[in-house]
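Inside the fold
Below are the chains, spelled out letter by letter.
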Amino acid sequence: MGHWWYRNIVEPGKLPLLLALLSFVTSFLVTRMITRMIRAGRGPFKNVTPGGLHIHHVVPGVILVIIGGFGAIGSSRHSFGAGLSAVIFGLGAGLVLDEFALILHLDDVYWSEQGRKSVEIVVLTAAIVALVLGGFLPFGVNDLTADERHNRGLVAINTATNFFLALIALWKGKPRTAFFGTVIPFVAMIGAIRLARPGSPYAKKFYANRPKARAKSGLRAFHHDRRWAAPRRKLENFIGGTPDPERGPGREKH
């Protein structure tokens, strides 16, 4: 274990990346815990509203990302400053991506259905960084043996192939499959091979004159959503909290 730690984390200078990942995940989880407590009216935490202006936590997050980013650029990979900058950057990134949906929609959708995108992007980011930390990519490690170079080369090629297939899956209107397909083998390939979802750019281009393909695509999407919507919602609700119920027309929020 000590040999793996030195060869794959310390020697290639990935310790700051590990610290950034740990602080990123911790920042997100702690932030979600606090916001859920505020939402439930429990604990000592309150929204920050100086002068009646609600300060979202993406604001201090951006500040921390800037400080940590510039600090990392000015530090050596093996220095204490690099580790400290990585922790600051990770904390800020957790705050920023926790409100990714707000940035995307330019609206306070934190507890709405659109707010689920923040949870998805955080999980994706953590998964990708964890893959890089796994030490499979042959970058930064000195004196690789022939077997190590061969094994890591295969993984690097596999990762690049998954990424290409993920782009096809994204083109077919399957963003979740594309996201997780970049880090999970065969997921992207399945998304790229199967029929595109109705309304996707791929379907509009290639199914316009194929009514049977459109009908089959719509039916498959219906069955897929009915099967997986509930488990996915439960997982997202467990991680990020249950969104507020959508209000119908004419109903006001009290």
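Above this note sits the structure.
On a predicted model such as this, the values are computed, not experimentally measured, just so you know. Numbering of residues begins from 1 in every chain and follows the order in which that chain's sequence is written. pLDDT decides what is reported in this predicted model: residues at 70 or higher carry local features, side-chain atom pairs at 80 or more are listed and counted, and totals for whole chains, interfaces and linings draw on all residues regardless. Values shown for side chains rest on all heavy atoms present in the structure; no hydrogens or waters enter the calculation.

**What to know about the overall build of the chain**
- Numbering of helices and strands runs from the N terminus, with a helix taken as a DSSP run of H or I at least four residues long and a strand as a DSSP run of E at least two residues long. Within the chain, the secondary structure is distributed over 11 helices and 0 strands.
- Order of helices (α) and strands (β) in the chain, N terminus to C terminus: α-α-α-α-α-α-α-α-α-α-α.
- The buried label goes to any residue with under 20% of its type's maximum accessible area, the exposed label to any with over 50%, and the partly exposed label to all in between, with areas taken from a 1.4 Å probe on protein chains only. Counting all 254 residues of the chain, 34% fall into the buried class.
- Considering only residue pairs separated by 6 or more positions, the chain has 61% of its internal contacts joining residues 24 or more positions apart.
- Carbon and sulfur atoms form 68% of the exposed surface of the chain, whose accessible area is close to 15,800 Å². Residue contacts are counted whenever heavy atoms from the two residues lie within 4.5 Å of one another. For every accessible area listed, the method is Shrake-Rupley and the probe measures 1.4 Å; residues are considered covered only by the protein chains on display.

**Re the pattern of salt bridges**
- By definition, a salt bridge exists where a carboxyl oxygen of Asp or Glu is found within 4 Å of a side-chain nitrogen of Lys or Arg. This model, assessed by the stated rule, comprises 3 salt bridges.
- Arg-116 is paired through a salt bridge with Glu-113; the nearest N and O atoms lie 2.9 Å apart.
- Between Arg-197 and Asp-225 there is a salt bridge whose closest N-O contact spans 2.8 Å. Within this pair, whereas Arg-197 is found in the loop between helix H9 (187-193) and helix H10 (201-206), its partner Asp-225 is found in helix H11 (residues 211-240), the two being separated by 28 residues in sequence.

**Points about helix H6 (residues 116-133)**
- End to end, H6 covers 26 Å across 18 residues, agreeing with the expected 26 Å (1.5 Å per residue, within 8%).
- Of the residues making up H6, those classed as buried are Arg-116, Ser-118, Val-119, Glu-120, Ile-121, Val-122, Leu-124, Ala-126, Val-129 and Leu-133. Expected span of a helix: the number of residues minus one, times 1.5 Å.

**With respect to the packing of helix H2 (residues 15-40) against helix H4 (residues 80-98)**
- As a packed pair, H2 and H4 sit with axes 7 Å apart at the nearest point and diverge in direction by 35 degrees. Crossing of H2 over H4 shows right-handed handedness. Across from Pro-16, Leu-19, Ala-20, Ser-23, Phe-24, Ser-27, Phe-28, Thr-31 and Arg-32 in H2, the residues of H4 making contact are Ala-82, Gly-83, Ala-86, Val-87, Gly-90, Leu-91, Ala-93, Gly-94, Leu-95, Leu-97 and Asp-98.
- For the contact of H2 with H4, the per-class residue count stands at 12 nonpolar, 6 polar and 2 charged. Between N-to-C directions, angles span 0 to 180 degrees; the directions come from axes that are lines fitted to C-alpha atoms, helices contributing only their stretch in contact. Helix crossings get a hand from a simple test, with the near helix turned counterclockwise from the far one by less than a right angle marking a left-handed crossing and a clockwise turn marking a right-handed one. Three classes are used: nonpolar for Ala, Val, Leu, Ile, Met, Phe, Trp, Tyr, Cys and Pro, charged for Asp, Glu, Lys and Arg, and polar for all others, with Gly counted as polar.

**A closer look at empty space enclosed by the protein**
- Cavities and pockets were defined on a 1 Å grid built over protein atoms only: a cavity is a set of grid points that admits a 1.4 Å probe from which the probe cannot escape, a pocket is an open set flanked by protein on both sides within 12 Å along at least five of seven lines, and lining residues are those with an atom within 4 Å of any such point. Grid points are joined across faces, edges and corners, and a volume is the space filled by probe spheres set on the points. Using the criterion set out here, one finds 1 cavity of 30 Å³ or more in the structure.
- Around the largest cavity sit Arg-32, Tyr-110, Trp-111, Ser-112, Gly-115, Arg-116, Val-119, Glu-236, Gly-240, Gly-241 and Pro-243, which together line it.
- Taken together, the elements giving at least two residues each to the lining of the largest cavity come down to H6 and H11.
- A per-class count over the lining of the largest cavity returns 4 nonpolar, 4 polar and 3 charged.

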